[in-house]
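# Residue-level structural notes
Residue strings, one per chain:
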Amino acid sequence: MKILAIDSSGLTATAAVYIDGVIVACQSVNNKKTHSQTLLPMINDVIEQADITPDDLDAVAVAEGPGSFTGLRIGAATVKGLCLAIDKPVIPVSTLKGLAYNMAGSKSIVCPIMDARRRQVYTAAYIYEDGHLNECLSGRAVAIEELLDKLEGLSCGESVTFVGDGIPVHREYISERLGERAHFAPPHLMYQNSASIAVLAAGKAEQGLMISADEFEPVYLRLSQAEREKLEREHKVGQ
Amino acid sequence: MNDNISVINAVDSNKIKGKDKGNVCILAVESSCDETSAAVVSDGKNVLSNVIASQIAIHKEYGGVVPEIASRKHIECINPVIRQALDEAEVTLDDITAVCVTYGPGLVGSLLVGTCAAKAIAYVKNIPLVGVHHIGGHISANYIEHPDLKPPYMCLVVSGGHTNIVEVKDYGVYNIIGRTRDDAAGEAFDKVARTIGLGYPGGPKIDKLAKEGNKDAIAFPRGHIEGAPYDFSFSGIKSAVLNYVNSCNMKNEPYDRADVAASFQEAVIDVLVGRTIMAAKEYGYTKVAMSGGVACNSALREAMKRSCENEGFNLYYPSPVLCTDNAAMIGVAGYHEYMRGVRHGLDLNAVANLSF
């Protein structure tokens, strides 16, 4: 099984080639350049380093979201173009699950937090059991306060390991609330990594969880501002 | 694709003499605003397909194009539109010589979808990638139906995002002589339409209503820019309409919407035609072309025709479907760029305010 995996949902652009259980090539950059300039040259690099051509791939895995709307679309449009040209399916993988998988093997609850602006985070929570990540809080965009309320309810004194680019933004507040129960991923595990996406995708591929490139759509978890405001107006009129 | 997206193949298949792939067969992609479009164009003149997915019904509800919604819809549409363009042209990606894509100017989120998909296709197929300027595309739309039109000539590009007088020196070689200092002409149409309660998109609605009105009823100002005789300003006209309507409302005096539409339209057309003709004369051209969405406006077409006839100029403009955003025009412009040796790398970025 040969899979190209990419994640452009956050600050990091990352691409990897997975061949039969081995991450043969992997690159990540977090250099503030736009993903539209870095992603495809990076894909070209990892494909070359893996000594294959795009046509050799069996599928392309992509971090489906949540994340930066623009980042998600750069990934989605790139994957759609690639898969149209190689005529192979897409394996969508949750960005949050990908982040949590950076901490595979953790005994604590793993809680990815991505900065979603507007004082919110994109988040979920997972428990690593029998070699699998089991979701104990589904993906959502919530205020950090609300997330911590939920975690206090869930974890009953258990420790929580946070991962994701929400850490630098909310670290202080989380420590205040959870004290020693809070742990934070170190910088080399904190950000999106295409190798995590690739391994999760390989598992999905085995279960046949692949879709056509035309069907694939990012998971934004949020409506556009215009749609939100329209709904609010209609709601007010309805009251 | 969503029910609210209408998809057409803007090619009269009766006019195509077989699906001649030619020597240079271009796949073109355009997604700069709210239309997702893909086309196959052979040898820079034969349009084998020109598929356009329009989101206009969706944006209507918001009174204008919502960039985030437009970007999301492009993601939904991009692959089906490209696939349909290839199918209707009866070609596969293996027949394609180069991929051409609009990389600016436009809405950056929209542009990125077409740009990233086009880059990925060019990369996999190991064929040249050519980034195309959207305005170059609008100008080149004229070559599709007018094989006799050859540079040099003077062109008015007028749409919801652009208002330029362009000296077309050669294929792909442009000299901008006049530009708008504020709103594009099409933007002014949309805003005035909203002011008098016509809704979006304003261009066709004002065009229609103006036919029932008196264009000399109200004297709206013509924006002049000191020291820049070919430049435009439409914010003054727009404000004058708003002031007129507001003052009528305050005095509880009814106003005739058709007269407002006709008088506003006349003010805009007056400067567009006047300055284009002046530029053609000054630079010594006898060929004048028009393109862009506002070039569909029936009164503008009539006024430009009359002025060109008076001057003995030849006038060219595309059919309405080629005036609005479409990928065939990008394929034609891209062909000439390709022939001039223009190539872009895999790091091509979308540029919202791409200069010309």
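Relevant structure appears above.
Conventions we followed
- Residues numbered from 1 in each chain as written.
- Chains lettered and ligands numbered in written order.
- Predicted model: local features only at pLDDT ≥ 70, side-chain atom pairs only at ≥ 80, totals over all residues.
- Helix = DSSP H or I, 4+ residues; strand = E, 2+ residues; numbered from the N terminus.
- Rg over C-alpha atoms; globule rule 2.2 N^0.38 Å.
- Buried ≥ 20, exposed ≤ 12 C-beta atoms within 10 Å, placed from the backbone.
- Contact = placed C-beta atoms within 7 Å.
- Arc of directions from axis to C-beta.
- Nonpolar A, V, L, I, M, F, W, Y, C, P; charged D, E, K, R; others polar.
- Pairing = 2+ DSSP bridges.
- Axes fitted to C-alpha atoms, helices over the stretch in contact; angles between N-to-C directions.

Turning our eyes to something else, we now look at the overall build of chain A. Counting secondary structure elements, chain A contains eight helices and ten strands. By the compact-globule yardstick of 18 Å for 239 residues, chain A fits well, its C-alpha radius of gyration being 18 Å. Structurally, chain A occupies a C-alpha span of about 50 × 50 × 35 Å along its principal axes. Counting across all 239 residues of chain A, residues that qualify as buried make up 49%. Expressed as a percentage of contacts within chain A between residues at least 6 apart in sequence, the contacts between residues at least 24 apart total 71%.

Looking now at helix α6 (residues 202–210) of chain B. All names here are of chain B. Turning to α6, its buried residues are Gly202, Gly203, Ile206, Asp207 and Ala210. For α6, the angular spread of buried residues about the axis comes to 130°, placing them on one side. Contacts made by the buried residues of α6 are with α5 (185–195), α8 (257–283) and α9 (298–311).

Listed as interface residues are 28 residues of chain A and, on the opposing side, 30 residues of chain B. Elements that contribute at least two residues to the side of chain A that touches chain B include exactly α1 (35–49), α2 (69–86) and α8 (225–238) of chain A. Among the elements that take part in the side of chain A that touches chain B, α2(A) stands out by supplying 13 residues, more than any other. Its residues assigned to classes, the side of chain A that touches chain B comprises 14 nonpolar, nine polar and five charged.

Here we take up the sheet that holds strand β8 (residues 132–143) of chain A. All names here are of chain A. Pairing is mixed in the open sheet, where five strands are placed in the order β8-β7-β6-β9-β10. In the strand order of this sheet, the two ends are held by β8 and β10 (182–184), each with one partner. Taken pair by pair, the neighbouring strands of this sheet meet at an average axis angle of 25°, ignoring direction. Bridge analysis of strand β6 (residues 109–115) against strand β7 (residues 120–129) gives four bridges, and the strand direction is antiparallel. Bridged to Asp115 within β7 is Val121.

Moving on to the sheet that holds strand β1 (residues 6–9) of chain B. Residue and element names in this part refer to chain B. The six strands lie next to each other as β1-β4-β3-β2-β5-β6, forming an open sheet whose pairing is mixed. The sheet is open, and its two edges are formed by β1 and β6 (129–133), each paired on a single side. Taken pair by pair, the neighbouring strands of this sheet meet at an average axis angle of 15°, ignoring direction. The sheet contact formed by strand β2 (residues 25–30) and strand β3 (residues 35–42) spans six bridges and is antiparallel. Across the sheet, residue Glu30 finds its bridge partner in β3, namely Ser37. In the packing of helix α4 (residues 134–145) onto the sheet, the strands contacted are β2, β4 (46–54), β5 (98–104) and β6, and the crossing angle to β6 comes to about 90°. Across the sheet, helix α11 (residues 327–339) lies against β2, β3, β4, β5 and β6, angled at about 125° from β2, the strand it touches most.

Treat this as a map of the structure, not an account of what it does.
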